[in-house]
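Residue-level structure breakdown
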Amino acid sequence: MIAFEQVSVTYDGGESPVLRAVTARVEEGELALVVGRTGAGKSTFLGAVNGLVPHFTGGTLVGRVTVFGRDTRTHKPRELADVVGVVGQDPQAGFVTDVVEEELAYGMEQLGLAPSVMRTRVEEALDLLGIADLRDRPLVSLSGGEQQRVAIGSVLTTHPRVLVLDEPTSALDPTAAEDVLAAVTRLVHDLGVTVLMAEHRLERVVQFADRVIEVRSDGSVLEGPPESMLAVTDVAPPVVQLGRLAGWDPLALSVRDARRRGGSLRAMLSGQAPPPSRSLPAPGGPGHGDTVLTARRIVVRYGDVTAVRGVDLALCAGQIVALMGRNGSGKSSLLWALQGSGPRRSGTVDVRGEDPKSLSSSRARSLVGLVPQTPADLLYLDTVAEECAQADRESSGDSPSRPGSLPAHPSTTRDILDRLVPGVPDDSHPRDLSEGQRLALVLAIQLSAGPDVVLLDEPTRGLDYSGKQSLANILAELASQGRAVVVSTHDVEFAAIAADRVVVMATGDIVADGPTADVVGRSPSIAPQVAKILAPLEYLTIDQVARSLGAAFLEPSETGLPDPPRDAPRDASREAPSGSAGPAAP
Amino acid sequence: MRRRTRRWAVADDRRVPRTLHPVAWWIWAVGLATAASRTTNPLLLALVLAVLGVVVANRRSEAPWARAFKYYLAMALVVVGIRVVFRTIFGGDINAEDMHVLFTLPHVPLPSWAAGVQLGGPVTAEGTLAALYSGLQLGCLLCCLGAANVLANPKRALRVLPGALYELGVAVVVALSVAPQLVESFQRVRRARKLRGAQGRGLRVLRGIAVPVLEGALERALWLAAAMDSRGYGRTGGVSRRVRVFVGLCMVGGMCGLCAGAYGLLDATAPLPLGVPTLIAGGLCCAVGLALGGRQVHRTHYRPDPWRASEWVVAGSGVFAAAVLFAGLGAHGHGLNPSTHPLTWPSLPVGPALGILTAAVAAVVAPPPRRPARGGTRPAPPPAQETTCQAGSERAAPPTSRPAGKIVGVGSQASGVPR
Amino acid sequence: MTAGVRPPTPRGGERRWGEGQRHRVAIPIGVRPTAVIVLASFLGFVAFCWPFVVAPGSFGDSTMAPVMFGALLVLVLAVLFSEIADGGIDAKAIAILGVLSAIGAALRPLDAGTAGVELVFFTLVLAGRVFGPGFGFVLGCTTLFASALITGGVGPWMPYQMFGCAWVGMFAGWLPPARGRRELLMLAAYGSVAAYAYGFMLNLSFWPFTLGPGSSVSFVPGASLLTNVHRYLVFDGTTSLGWDTGRAITTAACILILGPPMLAAFRRAARRAAFEAPSVFYDPSTSEPLPAILDAAPATTAGIFQDPHGNVPAPVRSPEPGI
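No experiment lies behind these values; they were computed from the predicted model shown. (Residues numbered from 1 in each chain as written. Chains lettered and ligands numbered in written order. Predicted model: local features only at pLDDT ≥ 70, side-chain atom pairs only at ≥ 80, totals over all residues. Heavy atoms only, no water.)

1. Side note on the overall build of chain A
Across its full length, chain A holds 20 helices and 20 strands. A buried classification covers 65% of the 586 residues belonging to chain A. When the accessible surface of chain A is split by element, carbon and sulfur atoms take 51% of a total near 18,900 Å². (Helix = DSSP H or I, 4+ residues; strand = E, 2+ residues; numbered from the N terminus. Buried < 20%, exposed > 50% of the residue type's maximum accessible area, 1.4 Å probe, protein only. Areas by Shrake-Rupley, 256 points an atom, 1.4 Å probe, with all protein chains shown as cover.)

And the structure:
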């Protein structure tokens with residue numbers, strides 16, 4: 001049992017508290033979902049559970065946090081290691097040793113358990129998480145999902161009563177994420193472990209949650225059972241948003257429930273054709289619809305592994321393409337080959353008559369811009385302003401006007417950045433920016449060269465719903481300027497709201513290519529939630545449904561997501577969310 | 001589980017692949033090195049090298065450090081070369097009357113500051129041969145150490161560190177596991193540089209690569225620290241204040257003893273007890289402090305390396321070789337150190353040769369190292385991987401990207417804690 | 001962001017580095033370790049320089065001395081390390097230590113010199129400067145140790161190399177305060193001096209037995225100090241002055257070129273790690289600071305959140321990290 005009593009946390013040098021008078025309880029054996037926008041203080045909340053906040057981070061904690069009777073003020077994180085297990089977002093960053101088996105045993109070695117006990121528990125953990133055949137493997141050779149399961153196993157071996165998971169699946173592809181979540185739910189159901197989990201993609205987990213804890217942007221915390229909490233939270237998965245739109249009470253939390261309840265909604269919508277899925281339809285700008293990039297028979301090989309096998313691809317101006325497929329299917333290799341910086345065994349790429357591979361890298365980037373998977377790799381200066389100035393210098397070397405290309409950008413990197421994400425302070429360190437701001441900075445740097453084709457490799461990692469919506473809006477703007485945009489992603493909900501066309505890759509081949517609704521909407525496995533609920537109607541996004549139902553009874557929020565009807569009548573017999581420190585709470 | 005294992009005989013033991021205790025390898029190698037340090041007989045030294053070669057070829061693992069032996073061989077050649085060249089250039093034999101002069105280098109008159117240093121002069125067969133023999137001996141010592149490095153698993157050897165040096169071990173373990181990630185990060189950043197045009201050379205390029213790698217590494221370090229802290233790193237075993245003060249006294253006192261001992265050793269006029277006895281007393285004092293200080297950390301080792309019959313035999317064979325050569329068993333006259341003046345052909349004394357050959361049993365007695373399954377460097381495509389992982393324990397849902405609704409099924413089907 | 005590792009906001013009320021530096025070292029050194037460091041440095045000096053100071057006839061066998069002093073150095077290093085790490089090194093310091101050792105160990109095979117550790121030096125100097133002498137010392141040890149383990153280079157030379165690098169890192173932490181260009185020039189000058197000194201000392205450690213007797217630049221046991229120093233200087237000058245000059249130049253150049261961004265990165269990491277950041281607990285129900293983890297340090301009021309009842313509690317500092 002975890003109890004927060006009137007807890008406020010202020011970091012050293014912080015102007016305002018990150019958590020404000022939080023009172024919350026998580027009972028034994030519960031799966032509690034911690035939700036909230038990026039930067040709202042979810043990590044602080046989770047860190048306070050085992051005392052990392054403030055023992056590790058420094059700062060002031062007012063109030064009291066107890067975990068199964070142990071007070072974090074008297075117990076440092078290491079003294080809670082046998083009660084609380086913590087798994088972070090990037091499992092690799094938390095590995096101390098380099099082989100699976102040793103990593104599983106590390107925590108027990110610190111606790112000083114007997115070798116025979118350790119051996120038994122390691123075997124248990126290997127079986128419990130289905131990683132028995134990885135036991136001798138070096139950790140660096142594992143895939144993301146395997147690494148995350150090893151990370152969970154490595155804290156499980158100390159037999160903690162609480163498991164704290166901070167966005168365990170945000171860096172994983174759907175399959176790997178599901179393996180991890182399946183393992184977590186198995187722990188909750190079979191072992192009775194109490195789990196506290198923060199998660200961006202709520203659609204995957206919300207149905208298993210016993211309790212939802214929302215950390216709001218002002219530092220207060222609301223908690224309650226999922227059905228009533230999700231009616232009011234800032235962030236909500238599509239299935240919940242659909243329920244809010246339709247006014248269902250209680251809300252349906254799983255696709256199955258929503259499908260059973262959705263008969264009337266389907267009937268209401270069946271009369272009309274769905275509006276286009278992209279929120280901002282591309283206007284007929286200059287050169288829209290022209291083929292900008294033509295790739296033929298692209299082959300990429302690393303040693304004896306063929307990553308891309310003879311792919312043909314044509315990209316049109318003003319079109320947004322989502323490149324999907326599981327990890328290792330060749331998405332990144334294809335993007336790098338299209339840009340010209342990556343290896344390419346054979347094949348040709350033609351961007352307005354030139355092959356970027358044969359050009360200097362600064363000329364190539366003025367044709368095709370690529371934002372890599374870890375955008376921070378491109379940043380090496382001390383402030384945002386310096387990075388912008390450096391990018392202007394780098395881009396000014398390009399020939400100002402190419403025949404038939406877009407007009408050269410008169411604006412500076414700083415202007416582009418302000419248009420993408422307003423209000424990034426000039427003097428902040430690029431590494432201190434939020435995930436979304438950093439992505440926007442790198443995108444602005446790449447756009448400063450004025451490329452006709454923009455490629456983004458996995459940009460949605462670590463973005464929450466509103467971040468993804470903003471990214472979708474940015475991409476739509478880029479497309480409306482007449483650029484061709486390709487974005488590789490695992491996130492089908494994002495592809496549904498952002499893309500005109502979806503290309504699916506598997507083992508280096510393109511296995512599907514077509515308009516979003518055709519490729520994604522009809523697939524049983526990768527369809528977005530709305531499509532699953534409303535099939536056979538061809539709806540993909542909440543936005544489409546909202547527009548069909550008539551925008552009259554909705555007020556579109558700033559993010560483009562419909563706001564929940566705040567004053568919707570609520571069944572009084574259901575437990576209302578207990579606000580611990582809302583404006584009205586004492 | 002380990003308790004029930006019966007004591008395995010050597011014969012049984014060597015069929016089962018496992019890593020031999022690193023300390024056994026080190027004792028074996030140091031024993032051979034000691035043996036080699038007793039002789040300049042090139043035949044015996046060649047025999048030592050042969051023994052090392054046979055054992056290394058048979059019992060080294062496939063780890064990166066196991067490829068280092070050839071560098072040691074190269075280094076040994078360099079050492080032999082240095083000795084011979086220096087002897088040739090700087091060591092012209094002045095009284096070369098009764099020696100065989102091979103050739104004579106011009107004698108270079110040196111400036112006054114180098115008075116006493118001889119450059120050039122006659123080069124004799126005797127002098128060159130002596131340099132060759134002693135170089136061979138030093139090279140042989142190097143190769144013994146190389147063999148220990150190659151055969152003993154350094155990560156396992158870290159576990160032998162006393163508790164007081166726990167942090168040293170942890171930092172090195174972290175370094176060993178972070179190094180491959182750093183290499184990967186370096187390659188990624190270097191590739192990404194092109195995306196920004198990668199203009200300019202030298203300074204800016206260096207900075208553009210070094211800064212992202214370093215910043216990424218330091219960020220990773222903080223995450224790692226949080227993970228270590230919450231996984232129990234640094235839990236202390238609760239040593240009382242009195243013990244800590246006593247440890248401090250031991251350390252400081254021991255160091256003072258060592259200082260005094262070192263002084264006594266170097267200064268011949270110092271009273272005799274100030275030399276070696278004080279040094280030993282100081283060393284013991286420090287050792288006690290280290291042992292007691294190590295108790296502050298209470299931790300255990302997962303799958304500790306056992307010390308079985310194979311370890312005894314391997315370590316013993318090294319010690320035996322050293323003992324035989326120390327005692328000079330079966331060696332007469334110039335058997336161990338053949339004369340170079342007058343020139344003679346070295347002969348192979350039987351006793352020492354047998355002693356050295358005994359050490360070769362390690363190639364047979366030591367269990368073969370475990371060969372990790374190859375192909376683990378690149379992850380297989382996830383679906384096939386997952387299916388095979390889970391088939392062993394319980395029936396799991398087919399891992400397709402299905403909506404999360406399937407997960408309940410997995411949870412309820414699972415049959416409790418295995419075993 | 002992993003659980004709880006939320007660094008303090010980088011802007012705002014942080015202390016200026018220059019003044020706060022002494023109080024924010026990663027591995028603080030107390031009185032007892034300082035005494036041990038002094039004694040150990042004497043022993044280390046003896047272990048390196050014994051060929052010059054040994055009295056004639058002290059060692060019966062010329063091969064005894066290097067073995068004995070090598071073993072002595074191992075013991076001294078162990079004692080010194082355990083004293084500096086007394087009570088445990090903070091997880092943050094250990095993690096940064098591990099990562100920087102990995103960088104050093106990865107850089108080391110890049111240089112060709114047998115005794116040369118050209119590229120290791122500048123990370124050592126810069127890290128010692130930012131994280132303090134204790135950290136510099138420990139980093140010197142761990143870098144060389146990790147490198148030896150990775151490349152299979154464990155041998156009697158290792159304690160000498162570890163000691164040499166530990167000195168380089170430690171003295172870098174004791175350089176006088178300076179900022180900007182002056183700091184950079186100071187570090188570069190120190191780096192090149194350290195490179196020469198390191199080469200001089202390490203050559204000395206193997207000079208007595210590498211050459212073997214017979215050549216006129218070899219060590220002569222029992223000869224006068226002057227003779228041996230003279231012979232050694234000629235040996236050092238003819239064999240390794242070139243190497244050392246190369247090492248000094250690369251070290252200084254690396255510090256001048258990569259120094260500013262690396263110093264900035266290290267300082268940012270030190271700030272984010274918030275070594276010795278006060279972690280304060282306050283219990284509003286009793287309106288009294290809890291006697292949980294008390295520290296004798298005077299209270300600071302910076303960044304204390306005032307409780308909802310309007311009582312301004314006397315803040316209590318917990319000694320975090322507990323070094």
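Having seen the model, we can carry on.
2. Focus: the sheet that holds strand 18 (residues 501-506) of chain A
Consider a sheet: its strands pair through backbone hydrogen bonds, and that pairing is either parallel or antiparallel. All names here are of chain A. Strands sit in the order 15-16-17-13-18-19 across an open sheet of six strands; the sheet is mixed. Each having just a single partner strand, strand 15 (368-371) and strand 19 (509-515) make up the two edges of the open sheet. Geometrically, the sheet is characterised by an average inter-axis angle of 15° between neighbouring strands, direction not taken into account. Against the sheet, helix 11 (residues 331-339) touches strand 13 (320-324), strand 15, strand 16 (453-457), strand 17 (484-488) and strand 18, its axis set at about 150° to strand 16. (Pairing = 2+ DSSP bridges. Axes fitted to C-alpha atoms, helices over the stretch in contact; angles between N-to-C directions. Contact = heavy atoms within 4.5 Å.)

3. A few points about unusual backbone geometry
Residue and element names in this part refer to chain A. The residue after Asp249, namely Pro250, is reached through a cis peptide bond having omega 0°. By the secondary structure assignment, Pro250 is in the loop between helix 8 (238-246) and helix 9 (255-261). Of note, the amide linkage connecting Ala535 to Pro536 takes the cis form, showing an omega dihedral of 10°. You can see Pro536 is positioned in the loop between helix 19 (529-534) and helix 20 (542-549). The backbone phi angle of Arg352 is positive, close to 50°, even though this residue is not glycine. With respect to the helices and strands, Arg352 occurs in the loop between strand 14 (346-351) and helix 12 (361-367). Even without being a glycine, Thr507 presents a positive backbone phi close to 40°. By the element assignment, Thr507 lies in the loop between strand 18 and strand 19. Exposure remark for Thr507: the relative accessible area of 47% places this residue in the partly exposed category.

4. Here we look at the interface of chain C and chain B
Contacts between the two partners involve 82 residues from chain C, matched on the other side by 73 residues from chain B. Taken together, both faces of the contact between chain C and chain B bury some 6,600 Å²; the carbon and sulfur share is 79%. In terms of surface lost to chain B, no three residues of chain C exceed C:Ile94, C:Val99 and C:Leu149, which account for 8% of the buried area on that side. At the junction of chain C with chain B, the criterion picks out one salt bridge. (Buried area = accessible area lost by both parts, 1.4 Å probe. Salt bridge = Lys/Arg side-chain N within 4 Å of Asp/Glu carboxyl O.)

5. Observations concerning the packing of helix 9 (residues 241-266) of chain B against helix 2 (residues 31-53) of chain C
The interhelical angle for the contact between helix 9 of chain B and helix 2 of chain C, taken along N-to-C directions, is 20°, at an axis separation of 10 Å. Here helix 2 of chain C runs roughly parallel to helix 9 of chain B, going by the angle between their axes. Seen along the crossing, helix 9 of chain B lies across helix 2 of chain C with a hand that is left-handed. On the side of helix 9 of chain B, the interface is formed by B:Arg244, B:Gly248, B:Val252, B:Met255, B:Cys256, B:Leu258, B:Cys259, B:Ala262 and B:Leu266, while helix 2 of chain C contributes C:Arg32, C:Val36, C:Leu39, C:Ala40, C:Phe42, C:Leu43, C:Val46, C:Trp50 and C:Val53. (Parallel < 35°, antiparallel > 145°, perpendicular 65-115°, else oblique. Left-handed = near helix turned anticlockwise from the far one by under 90°.)

6. Considering the nonpolar core
One finds B:Met255, C:Leu100, C:Phe131, C:Phe135 and C:Phe266 to be the most contacted residues of the largest nonpolar core, which totals 145 residues. Formed by 74 residues, the second largest nonpolar core is a distinct cluster that contains A:Ala322, A:Cys388, A:Leu463 and A:Ala498. (Core = buried A, V, L, I, M, F, W, Y, C linked by side-chain atoms within 4.5 Å.)

7. Observations concerning the interface of chain A and chain B
Across the boundary between the two partners, chain A contributes 98 residues, which contact 81 residues of chain B. When chain A packs against chain B, close to 8,100 Å² is buried across both sides, 53% of that on carbon and sulfur atoms. One can count eight salt bridges joining chain A with chain B. A salt bridge links A:Glu103 to B:Arg231, with the shortest nitrogen-to-oxygen separation between them at 2.6 Å. Linking chain A with chain B are 19 residue pairs in polar contact (both at pLDDT 80 or more), by the criterion used here. (Polar contact = N/O pair within 3.5 Å; in protein donor to acceptor, adjacent residues only side chain to side chain.)

8. A short note on helix 3 (residues 42-59) of chain B
All names here are of chain B. Taking 1.5 Å of rise per residue, 18 residues should cover 26 Å, and helix 3 covers 25 Å from first to last C-alpha, within 8% of that figure. Taken together, the buried positions of helix 3 are Pro42, Leu44, Leu45, Leu47, Val48, Val51, Leu52, Val55, Val56 and Arg59. On its buried side, helix 3 packs onto helix 2 (22-37), helix 4 (69-90), helix 5 (125-151), helix 12 (350-358) and helix 13 (362-365). Between the side-chain oxygen of the N-cap and the backbone nitrogen of Leu43 there are 2.9 Å, and the N-cap of helix 3 in question is Asn41. (Expected span 1.5 Å × (residues − 1).)

9. Topic: the confidence of the model for chain A
When the pLDDT values of chain A are averaged, the result is 82; 89% of them are 70 or greater. Long-range and interchain partners of residues 399-408 of chain A, a stretch whose pLDDT sits below 50, account for 15 contacts in this model, where long-range means more than four residues apart. (pLDDT = per-residue confidence, 0-100.)

10. A look at the sheet that holds strand 14 of chain A
All names here are of chain A. Here we have three strands laid out as an open sheet, ordered 12-11-14, and antiparallel in their pairing. Two strands in the sheet have a free side with no partner beyond their single neighbour: strand 12 (305-316) and strand 14. Neighbouring strand axes in the sheet, compared pairwise and without regard to direction, differ in orientation by 15° on average. Bridge analysis of strand 11 (residues 291-302) against strand 14 gives five bridges, and the strand direction is antiparallel. Among the inter-strand pairings, Thr294 is bridged to a residue of strand 14, identified as Asp350. In the packing of helix 11 onto the sheet, contacts are made with strand 11, strand 12 and strand 14, and the angle to strand 11 comes to roughly 120°.

11. As for the packing of aromatic side chains
Ring pairs (aromatic) are described by centroid distance and by the angle formed between their planes. Throughout the structure, instances matching the rule amount to 14 aromatic pairs over all chains. Between the aromatic rings of B:Tyr166 and B:Tyr233, the centroid separation amounts to 6.1 Å while the plane-to-plane angle is 25°, which identifies the pairing as stacked. Here B:Tyr166 is found in helix 7 (residues 166-193), whereas its partner B:Tyr233 is found in the loop between helix 8 (203-230) and helix 9, with 67 residues between them in sequence. Residue class for B:Tyr166 comes out buried when judged on its relative accessible area of 8%. Residue classification places B:Tyr233 among the buried residues on the basis of a relative accessible area of 2%. Among the aromatic side chains, those forming a connected cluster through ring pairs are B:Phe86, C:Phe200, C:Tyr232 and C:Phe235. (Phe/Tyr/Trp six-rings, centres within 6.5 Å; stacked < 30°, edge-to-face > 60°.)

12. Focus: helix 2 of chain B
Residues and elements named next belong to chain B. With 16 residues, helix 2 ought to run about 22 Å at 1.5 Å a step, and its terminal C-alpha atoms sit 22 Å apart, in line with that. All buried positions along helix 2 are accounted for by Pro22, Ala24, Trp25, Trp28, Ala29, Gly31, Leu32, Ala33, Ala35 and Ala36. Close packing links the buried residues of helix 2 with helix 3, helix 5, helix 6 (154-157), helix 11 (309-327), helix 12 and helix 13.

13. Notes on a nonpolar patch on the surface
Among the surface-exposed residues, B:Leu206, C:Leu185, C:Leu256 and C:Ile257 lie close enough to one another that they form a single nonpolar patch of about 330 Å² accessible area. Among the secondary structure elements, B:Leu206 is positioned in helix 8. Since its relative accessible area comes to 39%, B:Leu206 is described here as partly exposed. (Patch = residues over 30% accessible without salt bridge, like charges linked within 9 Å, V, L, I, M, F, W, Y side chains within 5 Å.)

14. Examining the confidence of the model for chain C
Residues and elements named next belong to chain C. Of all residues in chain C, 69% attain a pLDDT of 70 or more, and the chain-wide mean is 72. Mean pLDDT per element in chain C: helix 1 (residues 17-20) is the minimum at 35, and helix 7 (residues 157-173) is the maximum at 90. For residues 1-23, every residue scores under 50 in pLDDT, and the model assigns this stretch 54 contacts once sequence neighbours within four places are set aside. Contacts for the low-pLDDT stretch residues 112-117, under 50 throughout, to residues beyond four places or in other chains number nine contacts.

15. Comments concerning the pattern of salt bridges
On inspection of all chains with the given rule, the structure shows 39 salt bridges over all chains. C:Arg268 is the salt-bridge partner of A:Asp432, the closest N and O atoms lying 2.8 Å from each other. Here A:Asp432, found in the loop between helix 14 (413-420) and helix 15 (435-447), pairs with C:Arg268, found in helix 10 (residues 241-273), and the two come from separate chains. One salt-bridge network, held together by shared partners, links A:Glu101, A:Arg119, A:Glu123, A:Arg135 and B:Arg303.

16. Section: the environment of A:Pro459
Residue and element names in this part refer to chain A. Tracing the sequence through the fold places Pro459 in the loop between strand 16 and helix 16 (465-480). Judged by its relative accessible area of 5%, Pro459 falls in the buried class. Between the C-alpha atoms of Pro459 and Leu439, which are 20 residues apart in sequence, the distance is 7.2 Å. Contact partners of Pro459, with chain neighbours within four places excluded, come to Leu439, Leu471, Val487 and Ser488.

17. Describing the environment of B:Pro106
Residues and elements named next belong to chain B. The topology assignment puts Pro106 in the loop between strand 1 (101-105) and strand 2 (121-124). The class for Pro106 is exposed, based on a relative accessible area of 64%. Taking the C-alpha atoms as reference points, Pro106 and Gly121, 15 residues apart in sequence, are found 5.8 Å from one another. If we ignore the near neighbours within four places in the chain, the residues touching Pro106 are Leu119, Gly120 and Gly121.

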